[in-house]
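One-letter residues, chain by chain:
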Amino acid sequence: MTDDQAAPAPPRLSPNQRTQLARLLLECPTMKEAGSRAAIIDGLPAVANTIARDSAPLTVVIRLVNECLNQERGLADLLETLRAAEGGSLQLRNVELFLKSV
């Protein structure tokens, strides 16, 4: 994306869709383990300092989804970071398919 192109607007997701997205993200190998999940979050400067990580994994990822949806490129940056870590994992493709369907 060039500087003169606008970032895509984040999708509007219902609370149930946000939880569904968080569950799909937790299926990704990088998001399953606390250490690698923390590394992904730390790689997102716009949200890294706003995510409390002392809760259950699903709660952490729901917070991550919510924060990413509040940022112009938050969700796009999360997906880009996950792609770099996971390549084309089936689980990440499932996340992308879900986002295309909403």
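Cut-offs and rules
- Residues numbered from 1 in each chain as written.
- Predicted model: local features only at pLDDT ≥ 70, side-chain atom pairs only at ≥ 80, totals over all residues.
- Heavy atoms only, no water.
- Helix = DSSP H or I, 4+ residues; strand = E, 2+ residues; numbered from the N terminus.
- Buried < 20%, exposed > 50% of the residue type's maximum accessible area, 1.4 Å probe, protein only.
- Lys, Arg positive; Asp, Glu negative; His and termini not counted.
- Salt bridge = Lys/Arg side-chain N within 4 Å of Asp/Glu carboxyl O.
- Contact = heavy atoms within 4.5 Å.
- pLDDT = per-residue confidence, 0-100.
- Core = buried A, V, L, I, M, F, W, Y, C linked by side-chain atoms within 4.5 Å.

Asker: Requested: an account of the side chain of Arg37, with residues and values cited.
Answerer: One can find Arg37 in helix H3 (residues 34-42). Look at Arg37: it is buried, it has no salt bridge, and the nearest opposite charge is Glu33 at 7.3 Å. Leave out the neighbours within four places in its chain, and Arg37 touches Leu26, Thr30, Met31, Lys32, Pro57, Val60 and Val61.

Asker: I'd love a proper account of the confidence of the model for the protein chain, names of residues and values included.
Answerer: For the protein chain, mean pLDDT is 89; residues scoring 70 or higher make up 89% of the total. When pLDDT is averaged over each helix and strand of the protein chain, the minimum, 94, is found for helix H5 (residues 74-86) and the maximum, 97, for helix H1 (residues 15-27).

Asker: Please provide a residue-by-residue account of the nonpolar core, values included.
Answerer: Formed by 27 residues in total, the largest nonpolar core has its most connected members in Leu21, Leu25, Leu64, Leu78 and Val95. If you list the elements that add at least two residues to this core, you get H1, H3, helix H4 (57-69), H5 and helix H6 (90-101). The leading source of residues in this core is H4, at six residues. If we skip the residues at most four places from it in the chain, Leu21 touches Leu13, Val65, Leu75, Val95, Phe98 and Leu99.

Asker: Break down the environment of Pro29 for me, with residues and values.
Answerer: Assignment of secondary structure puts Pro29 in helix H2 (residues 29-32). Sequence separation of Pro29 and Leu90 is 61 residues, and the distance between their C-alpha atoms is 10.0 Å. Leaving out residues up to four positions away in the same chain, Pro29 has contacts with Ser36, Glu86, Ser89 and Gln91.

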